[in-house]
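These are the residues of each chain, in order.
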Amino acid sequence: MSTFAPTSTQAGPTLATGAPTNARDALEKQWGELAGMGCEDPAQCDVLFSLDKPADATGCMEQLPSENGRLSAFPVTVQTGEKFDASDYGTLLRSFDFVAIRANGVTTSNLMTDATLNCSESDGALPANPVRSSRYQGFVVLDLPLDTTSVGYVPFSDQGGWEWKIGGIA
């Protein structure tokens, strides 16, 4: 699990910095690399977060198989700042804000399925109502197509969000 502090030199750009984006207007990140929301300077972010490399989700109910191909669990760490206001962000790092970019270039949403809610890691989801000046660790479970090449976190529909290359997971 990645660890970080608001003053980390690993902090990547946020949506507000004007950093280069890919063709989908998303910032490309490495596993464990910081991302931030509501800041130009990582020390002043409303939210800092990192997403770590996925593993197969465990303890999933056999009665609820994957609808898209494979259930993957992503470790996540989130730290909220002193000025964090939940009404500006809603829930953080929830399955419904993620997309899969497939080998054919198609972006697939609906990665939260009944199956993702019934894996052991699902019990470690981040809280629905985070509070300021707090740190959380948990998991996001996604139901990914087998030909997924990247996953994207797009919490704001009018901005590109962040992407992590995953390669084929088949």
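Residues numbered from 1 in each chain as written. Predicted model: local features only at pLDDT ≥ 70, side-chain atom pairs only at ≥ 80, totals over all residues. Heavy atoms only, no water.

A. Quick look at the overall build of the protein chain. Helix and strand counts for the protein chain come out as one helix and 10 strands. Along the protein chain, helices (α) and strands (β) appear in the sequence β-β-β-β-β-α-β-β-β-β-β when read from the amino end. Every one of the 170 residues in the protein chain was classed for burial, and the buried ones make up 45%. Residue pairs at least 24 apart in sequence account for 66% of intrachain contacts in the protein chain once pairs closer than 6 positions are excluded. (Helix = DSSP H or I, 4+ residues; strand = E, 2+ residues; numbered from the N terminus. Buried < 20%, exposed > 50% of the residue type's maximum accessible area, 1.4 Å probe, protein only. Contact = heavy atoms within 4.5 Å.)

B. Spatial organisation of the state of the cysteines. Under the criterion given, the structure shown has two disulfides. Between Cys39 and Cys45 runs a disulfide, and the two sulfur atoms are separated by 2.0 Å. Taking the sign of the S-S torsion, about 50° here, the bridge from Cys39 to Cys45 comes out right-handed. Pair check on accessibility: Cys39 and Cys45 agree, each one buried. (Disulfide = S-S within 2.5 Å.)

C. The sheet that holds strand S7 (residues 107–108), seen in detail. Across the sheet, five strands lie side by side as S1-S10-S9-S6-S7; this open sheet has mixed pairing. Only two strands of the sheet have a single neighbouring strand rather than two, namely strand S1 (27–29) and S7. Here strand S6 (residues 98–102) runs beside strand S9 (residues 148–153); their pairing, made up of five bridges, is antiparallel. By the bridge assignment for S9, Ala100 is matched with Val151. (Pairing = 2+ DSSP bridges.)

D. Highlighting the side chain of Thr116. Inspection of the secondary structure puts Thr116 in the loop between S7 and strand S8 (135–145). Apart from residues no more than four positions distant in its own chain, Thr116 is found in contact with Leu71, Leu111, Ser122, Val141, Leu142 and Asp143.

E. Broad picture of the pairing of strand S5 (residues 69–80). The buried count for S5 comes to 10 of 12 residues, which makes it a mostly enclosed element. Pairing between strand S3 (residues 47–51) and S5: five bridges, direction antiparallel. Bridging across to S5, Val47 finds its partner in Thr80. Two elements, strand S4 (residues 55–56) and S5, share two bridges in a ladder whose sense is antiparallel. Bridged to Asp56 within S5 is Ser72. Looking at chain direction, S5 and S8 are connected through 11 bridges and run antiparallel.

F. The arrangement of the pattern of salt bridges in detail. Counted under the stated rule, the structure contains five salt bridges. One salt bridge connects Arg24 with Glu163, and the closest N-O pair in it is separated by 2.7 Å. Of the two residues, Arg24 is situated in the segment before S1 and Glu163 in strand S10 (residues 162–165); the sequence distance between them amounts to 139 residues. A salt bridge links Arg70 to Asp56; its shortest N-O distance comes to 3.9 Å. Highlighted residues: Arg70 in strand S5 and Asp56 in strand S4, separated in sequence by 14 residues. Taking the relative accessible area as the measure of exposure, Arg70 reaches 28% and is therefore partly exposed. For Asp56, a relative accessible area of 48% gives the class partly exposed. (Salt bridge = Lys/Arg side-chain N within 4 Å of Asp/Glu carboxyl O.)

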